[in-house]
Structure formats: C-alpha cells, structure tokens
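Spelled out, the chains give:
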Amino acid sequence: MRRTLLALTVVAGAVGGMTLAQHAEHGKGGVKTLSQKDITEKLDGKQAKATTVEVTLGPGEASAPHRHPGPAFGYVLEGAYEWAIDDNPVQKLKAGDTFYEPTGCLHRVSKNPSDKNKTRVIAVVLHPPDAKDIVIPEKKE
C-alpha cells in the first residue's frame, strides 16, 4: 500500500499544473482524463488501473452525487472546494489540501463555493481495468 500511495503522490506531483475526475456528464465542470495506466499493485488481490483526471469548476458549479469503483485521492490545485462523502459534514478545502474517498462511498458534495473564481482539482482513482467509467452517477429516488 505504501508503494501505491508513493506512486500516486509522484503522479500527482508530476502533473502539478493540472486538475479532477470524469464529472463532465454529471455536472457542469470541465473534465479531462490525463492518464490511464495499468499498475503492478493489486486492488483487493486483483489487477488494477490508475486513472488521473482533472476537473475545473467555474464559479458556483457543482457535480451531481456519484461514486467511484475504487479509492480516489484528490488534491486541490486552485481555488476553494466544498467536499463531502457519505453522511460526513461538508469540508471546505483550499489550494494545497488533499482528500481521500474509499471505494464506493457516496461523493455527495463536489462544489466550487466561489462566485468569482474557478476551482481546479486533480484526482487519481484506482479501479478494476474493466471499469467502464470511473464515475458512477447516484440514482435518483
């Protein structure tokens, strides 16, 4: 696990000027996949892939609630970011802050709280190689 976290840290640092996940269909933010790599470490004893994504949210923009098929590690590059998973309280993050989402948790709040500035986030999601998408929209009841 340490090797995986170290590798993720290196990936995040290497793409330093970039940002978060495939939320484009699920919100208004601009999303870009930066890389997809097979990794030697296993996820729950199975082959895994790491996808690095960038999300840019304009003033007041948010993405719809969703889940990820593996753990996600995020880093706020620019601006402010309101973030919450499951029933946890909303956290207000700023540039330089990090977050972690366990596999399958509900990412219920993903919002740029500013009315003037954009927010940029980068995330690395570990997932099964056959995952069709790294964002699973939450079904509306």
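The structure presented is a predicted model; accordingly, all values stated were derived computationally and were not measured. (Residues numbered from 1 in each chain as written. Predicted model: local features only at pLDDT ≥ 70, side-chain atom pairs only at ≥ 80, totals over all residues. Heavy atoms only, no water.)

**As for the pattern of salt bridges**
Any two side chains of opposite charge can pair, given that their charged atoms come close. Evaluation of the coordinates by the stated rule reveals 3 salt bridges. Between Glu138 and Arg67 there is a salt bridge, and its shortest N-O distance comes to 2.8 Å. Highlighted residues: Glu138 in the segment after strand E10 (136-137) and Arg67 in strand E3 (residues 66-67), separated in sequence by 71 residues. Judged by relative accessible area, which is 27%, Arg67 ranks as partly exposed. Two residues, Glu78 and Arg120, come together in a salt bridge whose shortest N-O distance is 3.2 Å. Of this pair, Glu78 sits in strand E4 (residues 72-78) while Arg120 is found in strand E9 (residues 119-127), placing the two residues 42 residues apart along the sequence. Since its relative accessible area comes to 27%, Glu78 is described here as partly exposed. (Salt bridge = Lys/Arg side-chain N within 4 Å of Asp/Glu carboxyl O. Helix = DSSP H or I, 4+ residues; strand = E, 2+ residues; numbered from the N terminus. Buried < 20%, exposed > 50% of the residue type's maximum accessible area, 1.4 Å probe, protein only.)

**Describing the side chain of Thr119**
Relative to the assigned elements, Thr119 resides in strand E9. Within the structure, the side chain of Thr119 is placed 2.4 Å from the backbone oxygen of Ala80, a separation counted as a polar contact. Here the side chain of Thr119 touches Asn112 through a polar contact of 3.1 Å, side chain to side chain. Ignoring any residue separated from it by four or fewer positions in sequence, one finds Thr119 in contact with Val55, Thr56, Leu57, Glu78, Gly79, Ala80, Tyr81 and Asn112. (Polar contact = N/O pair within 3.5 Å; in protein donor to acceptor, adjacent residues only side chain to side chain. Contact = heavy atoms within 4.5 Å.)

**Describing the packing of aromatic side chains**
Considering all chains together, one arrives at 3 aromatic pairs under this definition. Ring centres of Phe73 and Tyr100 lie 5.4 Å apart, and the angle between their planes is 40°; this geometry places the pair in the tilted category. You can see Phe73 sitting in strand E4 and its partner Tyr100 sitting in strand E7 (residues 98-101), a full 27 residues away along the chain. Owing to a relative accessible area of 17%, Phe73 belongs among the buried residues under this scheme. What makes Tyr100 partly exposed here is its relative accessible area of 42%. (Phe/Tyr/Trp six-rings, centres within 6.5 Å; stacked < 30°, edge-to-face > 60°.)

**A word on the nonpolar core**
Listed in full, the 10 residues of the largest apolar core are Val55, Leu57, Val76, Tyr81, Trp83, Ile85, Leu93, Phe99, Cys105 and Val121. Listing elements by their share of this core, those giving two or more residues are strand E2 (46-57) and strand E5 (80-85). Per-element accounting of this core gives the leading share, 3 residues, to E5. Not counting residues up to four positions away in its chain, the partners in contact with Cys105 are His66, Arg67, His68, Ile85 and Asp86. In this structure, Leu43, Ala50, Phe73 and Leu126 belong to the second largest nonpolar core, which totals 7 residues. (Core = buried A, V, L, I, M, F, W, Y, C linked by side-chain atoms within 4.5 Å.)

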